[in-house]
Amino acid sequence: MVLVHWGAGRQGGGEGPMIYLASSSPRRRTLLKAARLRFKSVRPTYKEVHRHSGSAERLTQEHALGKALSVMGRVREGVILGADTVVVDGRRILGKPATMKKAEKMLGGLQGRCHKVVTAVALIRMGKGRPEKQCVFIEKTEVRLKKMDATMIRRYLKKIGPLDKAGAYAAQAAGVGVVERIKGSFSNVVGLPIEKLKKNLRVLR
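In what follows, the accompanying structure is described. (Residues numbered from 1 in each chain as written. Predicted model: local features only at pLDDT ≥ 70, side-chain atom pairs only at ≥ 80, totals over all residues. Heavy atoms only, no water.)

### Examining helix α4 (residues 150-160)
Thinking step 1. Turning to α4, its buried residues number three or more, namely Ile 153, Tyr 156, Leu 157 and Ile 160. Projection of α4 onto a plane perpendicular to its axis shows the buried side chains occupying an angular sector of 100°, all on one side. With respect to the buried face of α4, the exposed residues turned more than 90 degrees away are Arg 155, Lys 158 and Lys 159.
Thinking step 2. Buried residues along α4 sit against α3 (100-110).
Thinking step 3. The N-cap of α4, judged by a side-chain oxygen 3.2 Å from the amide nitrogen of Thr 151 a few residues on, is Asp 149. (Buried < 20%, exposed > 50% of the residue type's maximum accessible area, 1.4 Å probe, protein only. Helix = DSSP H or I, 4+ residues; strand = E, 2+ residues; numbered from the N terminus. Arc of directions from axis to C-beta. Contact = heavy atoms within 4.5 Å. Polar contact = N/O pair within 3.5 Å; in protein donor to acceptor, adjacent residues only side chain to side chain.)

Shown next, in the form of structure tokens:
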């Protein structure tokens, strides 16, 4: 099925072309809705492979563009949005933990000090079923987590469900916050840099 939509959407009620979000992330949907950007979710077929070598910028750009391209055949008019977020701890690139045990180790290594959250966003403007223009951009945010002991970490992870979250934590989780300080875009830490996204959407018009 090819999707065509430049009118008002059911999700979000703002102005501008319809965004086709190539992601199943509920956090990205929440951010787009809060920003009053019109969008629909389209599940990408692209499979992420998180390498532990190379730069976080290159890896996230590759994944973001791969997700956007994987749904291109299903969109006729509008803007496709693909995004990928990782946590960078020194030289380590951290994606989503595969198990709760790995989540405990990942979060334990981050608590009490600073790391960076890196998100790449790929935008492809479609017209008559063909790509007309595209851009890929990066946003980085510095984050410092609170100090927690092993018991606190386990309790926190049980509350937030970390297996779909880069770095094994949720900056937006109400009542169970672990973030001590953020320098830069908060929405980027959640999974999508809304401020920079709006600027780049204007460039595609």
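Anyway, onward from the coordinates.
### Comments concerning the nonpolar core
Thinking step 1. Core analysis: the biggest nonpolar cluster contains 21 residues, and Val 87, Leu 107, Leu 145, Tyr 156, Leu 157 and Tyr 169 have the highest contact counts within it.
Thinking step 2. Looking at this core, the elements with two or more residues in it are α3, β7 (130-145) and α4. (Core = buried A, V, L, I, M, F, W, Y, C linked by side-chain atoms within 4.5 Å.)

### Some words on the environment of Gly 78
Thinking step 1. Assignment of secondary structure puts Gly 78 in strand β4 (residues 75-89).
Thinking step 2. Considering only alpha carbons, one finds Gly 78 and Met 18, 60 residues apart in sequence, at a separation of 5.1 Å.

### Some details on the side chain of Thr 141
Thinking step 1. Looking at the secondary structure, you find Thr 141 in strand β7.
Thinking step 2. Overall, the relative accessible area of 1% leaves Thr 141 in the buried class.
Thinking step 3. Polar contacts involving the side chain of Thr 141 include one to the main-chain carbonyl oxygen of Ser 185, which spans 3.1 Å.
Thinking step 4. With residues near it in sequence (within four places) discarded, Thr 141 still touches His 115, Lys 116, Val 117, Ile 182, Lys 183, Gly 184, Ser 185, Asn 188 and Val 189.

### A word on the pattern of salt bridges
Thinking step 1. In the structure shown here, the tally under the stated rule is 12 salt bridges.
Thinking step 2. With a closest N to O distance of 2.9 Å, Arg 113 and Asp 89 form a salt bridge. Of this pair, Arg 113 sits in the loop between α3 and β6 (114-127) while Asp 89 sits in strand β4, placing them 24 residues apart in sequence.
Thinking step 3. Arg 113 gets classed as partly exposed once you look at its relative accessible area, which sits at 37%. (Salt bridge = Lys/Arg side-chain N within 4 Å of Asp/Glu carboxyl O.)

### Quick look at the side chain of Lys 67
Thinking step 1. Residue placement: Lys 67 occurs in helix α2 (residues 56-70).
Thinking step 2. A residue is classified by how much of its surface remains accessible, and Lys 67, at 6% relative accessible area, is buried.
Thinking step 3. Polar side-chain contacts of Lys 67 include one of 2.7 Å to the side chain of Glu 48.
Thinking step 4. Among the polar contacts made by the side chain of Lys 67, one reaches the main-chain carbonyl oxygen of Ala 83 at a distance of 2.7 Å.
Thinking step 5. Beyond its immediate sequence surroundings of up to four residues, Lys 67 is in contact with Ala 22, Arg 28, Pro 44, Tyr 46, Glu 48, Gly 82, Ala 83 and Asp 84.

### Notes on the pairing of β6
Thinking step 1. Where burial is concerned, most of β6 is hidden: 12 out of the 14 residues are buried.
Thinking step 2. Strand direction decides the pairing type here: β4 and β6, joined by 11 bridges, are antiparallel. Across the sheet, the residue bridging to Val 79 is Arg 125, located in β6.
Thinking step 3. Pairing between β6 and β7: 14 bridges, direction antiparallel. In the sheet register, Met 126 faces β7, and the bridge partner there is Pro 131.
Thinking step 4. A loop of 2 residues connects β6 with β7, the two strands running antiparallel in sequence, and Lys 128 in this loop sits at a positive phi of about 55°. (Pairing = 2+ DSSP bridges.)

### Some details on a positive patch on the surface
Thinking step 1. Residues Arg 154, Arg 155, Lys 158 and Lys 159 make up a contiguous surface patch of positive charge.
Thinking step 2. If you trace the backbone, Lys 158 turns up in helix α4.
Thinking step 3. Given the relative accessible area of 70%, Lys 158 is considered exposed. (Patch = residues over 30% accessible without salt bridge, like charges linked within 9 Å, V, L, I, M, F, W, Y side chains within 5 Å. Areas by Shrake-Rupley, 256 points an atom, 1.4 Å probe, with all protein chains shown as cover. Lys, Arg positive; Asp, Glu negative; His and termini not counted. Charge placed at Lys NZ, Arg CZ, Asp CG, Glu CD.)

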